[in-house]
Amino acid sequence: MMFWSTFNKLQLFPDQLRPYTRCLYGFAGDQVEVRGHIELRTTFMDGTTSRTTSIRYLVVNGPSAYNVLLGRPALNRIGAIASTRHMKMKLPSLEGTVITIKSDQKEAKKCYENSLKTKRGVFVVTTQPPREEGVTRAEIARERRPEPTGDVMEREIGGKMFNLGKSLSQESQDQVVKVDTLTLSHGLPLPCLA
């Protein structure tokens, strides 16, 4: 995500933006004005080594203490590992060496303080509208979670209790237990068995 002020500082032209038709909402539930998106060649460097890659930025019109926010898709595509604790990001160069980008702690603190002083908003990219007032997170989670139909029985899988539909054959129940036990023991994500 790139903020409009950064777009202007880079002296880019609005006619370079491609349309973006989805709506974005900030943490406060306010709709964020999206100006469009643009693909830019972006260079990451640590003083001695650099890597240039194309990154698509969503340009939003909103105040921010930051210039751009890089999302997981971009970071994953370039193989970057970011550590907020160490204020560093590492990524492989095309030559096989490691590029280490270090953040300046004083500059980071200044950005943070500026964002507090001006009460600037932080925006999150989501295509879902904000939740209705009075609706709890638990209610939203229940709406999205698949529920078994009919009678259920509890089965222990990997030390945790799960509800399985009683209408499942014994063979199907055993398969679910086997898959989930393997998944839990290997630390892999559980499959959706809806």
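Rules used throughout
- Residues numbered from 1 in each chain as written.
- Predicted model: local features only at pLDDT ≥ 70, side-chain atom pairs only at ≥ 80, totals over all residues.
- Heavy atoms only, no water.
- Pairing = 2+ DSSP bridges.
- Helix = DSSP H or I, 4+ residues; strand = E, 2+ residues; numbered from the N terminus.
- Axes fitted to C-alpha atoms, helices over the stretch in contact; angles between N-to-C directions.
- Core = buried A, V, L, I, M, F, W, Y, C linked by side-chain atoms within 4.5 Å.
- Buried < 20%, exposed > 50% of the residue type's maximum accessible area, 1.4 Å probe, protein only.
- Contact = heavy atoms within 4.5 Å.

Novice: When you look at the sheet that holds strand S7 (residues 98-102) in this model, what are you seeing that I'm missing?
Specialist: As a general point, the strands of a sheet are linked pairwise by backbone hydrogen bonds and lie either parallel or antiparallel. Strand order in the open sheet formed by three strands is S5-S6-S7, with antiparallel pairing between adjacent strands. Looking at strand neighbours, the two that pair on one side only are strand S5 (81-83) and S7, the edges of this open sheet. Going across the sheet, the axis of each strand differs from the next one's by a mean of 15°, ignoring polarity.

Novice: Would you mind going over the nonpolar core with me for this structure?
Specialist: With 18 residues, the main nonpolar core has Phe-7, Ile-38, Val-59 and Leu-91 as its most contacted residues. Phe-7 has contacts with Met-2, Leu-12, Phe-13, Pro-14, Leu-17, Ile-38 and Val-59, leaving out every residue within four places of it along the chain.

Novice: Sorry, what's going on with the pairing of strand S6 (residues 88-92) here?
Specialist: Looking down a regular strand, the side chains alternate between one sheet face and the other. Side chains Met-89 and Leu-91 of S6 all project onto a buried face; the interleaved residues Lys-88, Lys-90 and Pro-92 project onto a face where none is buried. The hairpin formed by S5 and S6 contains four residues between the paired strands, and Met-87 there has a positive phi angle of roughly 55°. Here five bridges tie S6 to S7, and the two strands are oriented antiparallel to one another. Within S7, the position partnered with Pro-92 by the bridge is Val-98. Between S6 and S7, which follow one another and run antiparallel, lie five residues, and Gly-96 among them has a positive phi close to 95°.

Novice: I would appreciate a short explanation of unusual backbone geometry in the present structure.
Specialist: Outside of glycine, negative phi angles account for most residues, and trans bonds account for most peptide bonds. Positive phi is not limited to glycine here, since Gln-11 has a value of about 55°. Considering the arrangement of structural elements, one finds Gln-11 in the loop between helix H1 (4-9) and strand S2 (24-25). A positive phi is found at Met-87, a non-glycine position, where the angle reads about 55°. Take Met-87: it is sitting in the loop between S5 and S6. By relative accessible area, which is 23% here, Met-87 ends up partly exposed.

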